[in-house]
Structure formats: structure tokens, C-alpha cells
Amino acid sequence: MKILGIETSCDETALAIIEKRGTGPSAEFLVIGSLVHSQADLHSAYGGVYPNLAKREHGKMIVPLMQKLLTDSKQFLGPSKKLDTEYLHNAKEDLTKRLAQQNPDLLEHLLGSIFINEKPDIDAIAVTEGPGLEPALWVGIAFAEALGKIWQVPVIPIDHMEGHIVGSLLPSEAMSHSWTRLSEFESPALSLLISGGHTELVYMDRIGSYKIIGETLDDALGEAYDKTARLLGLSYPGGPHVARLANEARINNILSQVRLPRPMIHSDNNDFSFSGLKTAVLYAVRQAPRDKDGNIENFWVMGLAREFEDAVSEVLVRKTENALELSGAKTLIVGGGVSINGFLRNALENMCSSKNVKAFFPARHISGDNALMIALACALKSAPPERSLRASGTKRISDN
Ligand code: KG4
Ligand code: ZN
């Protein structure tokens, strides 16, 4: 079975095709292709993601990206099937009716595409339904529905956060076009999801059964990185910049002149709060030493970045350790864009090995938003629900 994955929940337009053979724990996966177009440069001028700009860019990029994916994947796909001329004519008319108002950019690109005229060797389409930015999500959903109708294949809604969880279980060898099994893990597991929009601790008995046992009460961790970066005069997305400066401070033995809080580190629940960190950084920046041109001294910025990562890492480690103890989980699955951070990975890995808990992190190229994890989440569902799609800015993985 071959699945096309579509992801447009934020500022990455992403498409992937995977093939699945077998079922249950012995199922194997082949990554046929996975492409990500990042809009980060476009949004960096605004210091964050601008939803309507994201929507327009997804509408412009998704069709050429699809064409490239199909071309790149040719050797792994069977022949495409030509669609009947009259059927195609009616389907395109129907598409025009539905998309002309809502998404004219996408419609124009779709009607001009080659792949719309023939059904490729794809059996199902998986699309991120939420959580994410609604205008951005709708582009992926409209694209999925259009292709699903024309090619007559099912369209399966996927939760973005579930994508991050299962993505972390895909071994990195999977990226080299070899059949791969998902990493086996001991249940129950705890998943720590740290991204630009979410910070959650999720208890799971197995894939598909999730319970959120803790979450941020305000800013997500990635958001805290991005806001701190902005206050330090660094561009969006700020996470990698703060991480790089903190690393330089560690290498050069530069210490922070400011102590930041460790929010909720001793609270007796699994929730997080990161907005206080940003406020503390704001006050610190006001007192920061500056050069004669008014720029904050570089050594001070590096020290602060280091202190920020120390604060974040202490909170994450402590709260995750607590949640592991309370839940009796045997495995930690870390996912989301922030999970690429080497310093945080190390800290979490050390804590886990001291407790004999096995920790999983996503392969580097799929730690950020991607469509491979969306196709994979679909492939792991035993009977994927087929129902009408809705973009959801707030929906979370279901408690069941
Ligand atoms: O999962 P993701 O790609 O998108 C969302 O679903 O939000 O996560 C993006 C977040 C951004 O806030 C970005 O600054 C952060 O991940 N990030 C990092 C690093 N690389 C990206 N945070 C800390 N250290 C990094 N190296
Ligand atoms: Zn994400």
C-alpha cells in the first residue's frame, strides 16, 4: 500500500510518499520520497509565522512540490493510470466550483498540473487536519480532497502531534530507501512533545492510544525560544540561533550575568509554563551592557542564551523524570521541532539512562515539520477513519 502524506499546518509545505508491507509489529516501511519547502525566510521579517502569508505560499508551492515528488519517486511507483476524458472534465468543473472562491492560487496551479490528469500509483492520502494555523491547514486539506476526488482514493485526517510521536520511532536508515521496521518500544511509554506550538507530556499504552497528562499553561517551548531570540535581536525561527549561541558560550566558558527562573520546576503536576522566562529575558535585556553603537555586547547575549538553555533543560528534565516515575513508563519518545536541540537531547538522554528508560528521538531531518510522519501515522492505523475533514487550530490527539 502506498500513501501520500500532506503537511501544511504551519510554515513548512511538505509532501511524502511511503509504502507499507505487512501488518502489525512486523509491518515494514519504505520511504519513497519526502520533500519539505520551508517558508522560514519569508516569515523571518515578521518575527513569527503570518497565517495568511503561510496560506498563500502553501497554495503556490504545493503543486510544484507534488510534481517534483512524483518525478523523483518514478522508479518506486508503478505506472500512472490515464483518467477518462469526460470524467476528468466533470471533475475539473467540480473542483473549480469548490476552489475558485476559497483558494484561487491553488486551483490555478492544480488545473495547470500534469499529475491531475493521471492517477499515480497511490492508494491513500493522509493529510494533517490539526492542530495548526487554520488558513495554512486548509490548503493541505483542499489539496488532499481535490486529489482524493479526482484519483478516487480515500483521504485520511491525521493529527500533527501524533505524527511527531510516530516520526520519532522511524529509524534513520529509513531515509536511505531501504525497507525498515518501526523501532520497538516497551509500553507504557511517555511522549514529550516540544514544538513551536505545543509542549505536552502524553501517556501512551500503544500507538493510537494517548492521554495528555501535562501541557504548557502558556507559551510552547519553541515559542519561548523564538520570543527570547527576538528579544536578543536574532531572526525567526530563533531556536537554532539561541542553541548556537548557548553552545558557543559553553565552549568559551562564558557564564551568564543574569539568573533566569526555572518556572514550575517544583510544581506537583506535569504542566509547564514558559512565558515567565520570556518576561525575565525582557527585563534582563533592558539592563544589558551595550557597545558604543547601542548593540548588546556579544558575550552577554551568549551567556544569556546559555542560561536560557540551562533553565529550560532543568525544567524539562525534572518534569519529565517526575512524569516517568508517576506513570511507570518504560520508554520516552521525544518529538517536535525543538527535539533536534543537542543540549536538550543530551540532558534528557542522561536522565533516561540513569533510570533505565529507553529514549527515542527523531532522525535529524524529520525532527521539524514533515509529511513523512503524517503518512506514517496513517500507515499505522488499523482501520483509518474516513470522514469529512475540518481544519482545527485547537484539536489535540484524542484521549481514548
Ligand atoms: O515542530 P516544529 O517544526 O513546528 C511546529 O509544529 O511548531 O517546531 C518548530 C520550533 C520553532 O519554535 C523553532 O525555533 C524550534 O522548533 N527549533 C529549535 C531548534 N530548531 C528548531 N529549538 C531549539 N533548538 C533548536 N536547535
Ligand atoms: Zn510540528
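Scroll up to find the structure.
With respect to the overall build of the chain
Argument step 1. The helix and strand tally for the chain stands at 12 helices and 12 strands.
Argument step 2. Relative to the globule expectation of 21 Å for 400 residues, the C-alpha radius of gyration of the chain, 22 Å, shows essentially globular dimensions.
Argument step 3. Oriented by its inertia axes, the alpha-carbon framework of the chain measures out at about 70 × 50 × 35 Å.
Argument step 4. Within the chain, the fraction of its 400 residues that count as buried is 54%.
Argument step 5. Expressed as a percentage of contacts within the chain between residues at least 6 apart in sequence, the contacts between residues at least 24 apart total 76%.
Argument step 6. Here the chain has roughly 17200 Å² of accessible surface; of this, 49% comes from carbon and sulfur atoms.
Argument step 7. Each charge sign in the chain was given a centre, from 41 positive and 48 negative side chains, and these centres are 0 Å apart.

Thoughts on the packing of aromatic side chains
Argument step 1. Considering all chains together, one arrives at 4 aromatic pairs under this definition.
Argument step 2. Aromatic pair Phe-115 and Phe-143: ring centres 6.4 Å apart, planes at 85°, arrangement edge-to-face. Within this pair, whereas Phe-115 is found in the loop between α4 (104-111) and β5 (118-119), its partner Phe-143 is found in helix α5 (residues 134-151), the two being separated by 28 residues in sequence. One exposure class covers both Phe-115 and Phe-143, and it is buried.
Argument step 3. Here the aromatic rings of Phe-272 and Phe-274 are separated by 5.9 Å at their centres, their planes lie at 15°, and the arrangement is stacked. Across the pair, Phe-274 and Phe-272 agree in class, each one buried.
Argument step 4. Three or more aromatic residues link up through ring pairs in this structure, and these residues are Phe-115, Phe-143 and Trp-151.
Argument step 5. Directly above the ring of Phe-360 sits Lys-358, whose terminal nitrogen or CZ lies 4.9 Å from the centroid.

Here we look at the nonpolar core
Argument step 1. Judged by nonpolar contacts, the single largest core of 51 residues is most densely connected at Leu-192, Leu-221, Tyr-225, Trp-300, Phe-308, Val-312 and Leu-316.
Argument step 2. Only β8 (189-194), α7 (221-231), α8 (239-251), α9 (275-286), α10 (298-327), β11 (331-335) and α11 (342-354) provide two or more residues apiece to this core.
Argument step 3. A per-element tally of this core places α10 first, with 13 residues.
Argument step 4. When neighbours within four sequence positions are excluded, Leu-221 is seen to be in contact with Ile-194, Ser-195, His-198, Thr-199, Phe-274, Val-312, Leu-316, Val-338 and Leu-344.
Argument step 5. Judged by nonpolar contacts, the second largest core, of 40 residues, contains Leu-35, Ile-62, Val-127 and Ile-150.

Section: the packing of helix α3 (residues 85-99) against α5
Argument step 1. With their axes 10 Å apart at the nearest point, α3 and α5 run at an angle of 160° to one another. Between α3 and α5, the interaxial angle falls into the category roughly antiparallel. Where α3 crosses over α5, the two elements pack in a sense that is right-handed. Where α3 abuts α5, its residues Tyr-87, Leu-88, Ala-91, Asp-94, Leu-95, Arg-98 and Leu-99 lie against Ala-142, Ala-146, Lys-149 and Ile-150.
Argument step 2. Of the residues in the contact of α3 with α5, the class split is 8 nonpolar, no polar and 3 charged.

Quick notes on the site of ligand 1
Argument step 1. Gly-196, Asp-226, Gly-239, Gly-337 and Asn-341 are the nearest of the 20 residues found near ligand 1.
Argument step 2. Here Gly-222 contributes a backbone N or O atom positioned 3.2 Å from an oxygen atom of ligand 1.
Argument step 3. Here Asp-369 contributes a side-chain N or O atom positioned 3.1 Å from an oxygen atom of ligand 1.
Argument step 4. Taken by itself ligand 1 offers 560 Å² of open surface, and the protein chains cover 86% of this.
Argument step 5. When residues of the shell around ligand 1 are traced back to their parent elements, those giving at least two are α6 (160-167), α7 and α8.
Argument step 6. Of the residues contributing to the shell around ligand 1, the split by class is 6 nonpolar, 12 polar and 2 charged.

What counts and how
Residues numbered from 1 in each chain as written. Chains lettered and ligands numbered in written order. Predicted model: local features only at pLDDT ≥ 70, side-chain atom pairs only at ≥ 80, totals over all residues. Heavy atoms only, no water. Helix = DSSP H or I, 4+ residues; strand = E, 2+ residues; numbered from the N terminus. Rg over C-alpha atoms; globule rule 2.2 N^0.38 Å. Buried < 20%, exposed > 50% of the residue type's maximum accessible area, 1.4 Å probe, protein only. Contact = heavy atoms within 4.5 Å. Areas by Shrake-Rupley, 256 points an atom, 1.4 Å probe, with all protein chains shown as cover. Lys, Arg positive; Asp, Glu negative; His and termini not counted. Charge placed at Lys NZ, Arg CZ, Asp CG, Glu CD. Phe/Tyr/Trp six-rings, centres within 6.5 Å; stacked < 30°, edge-to-face > 60°. Lys NZ or Arg CZ within 6 Å of the ring centre and 35° of its normal. Core = buried A, V, L, I, M, F, W, Y, C linked by side-chain atoms within 4.5 Å. Axes fitted to C-alpha atoms, helices over the stretch in contact; angles between N-to-C directions. Parallel < 35°, antiparallel > 145°, perpendicular 65-115°, else oblique. Left-handed = near helix turned anticlockwise from the far one by under 90°. Nonpolar A, V, L, I, M, F, W, Y, C, P; charged D, E, K, R; others polar. Near = heavy atom within 4 Å. Polar contact = N/O pair within 3.5 Å; in protein donor to acceptor, adjacent residues only side chain to side chain.

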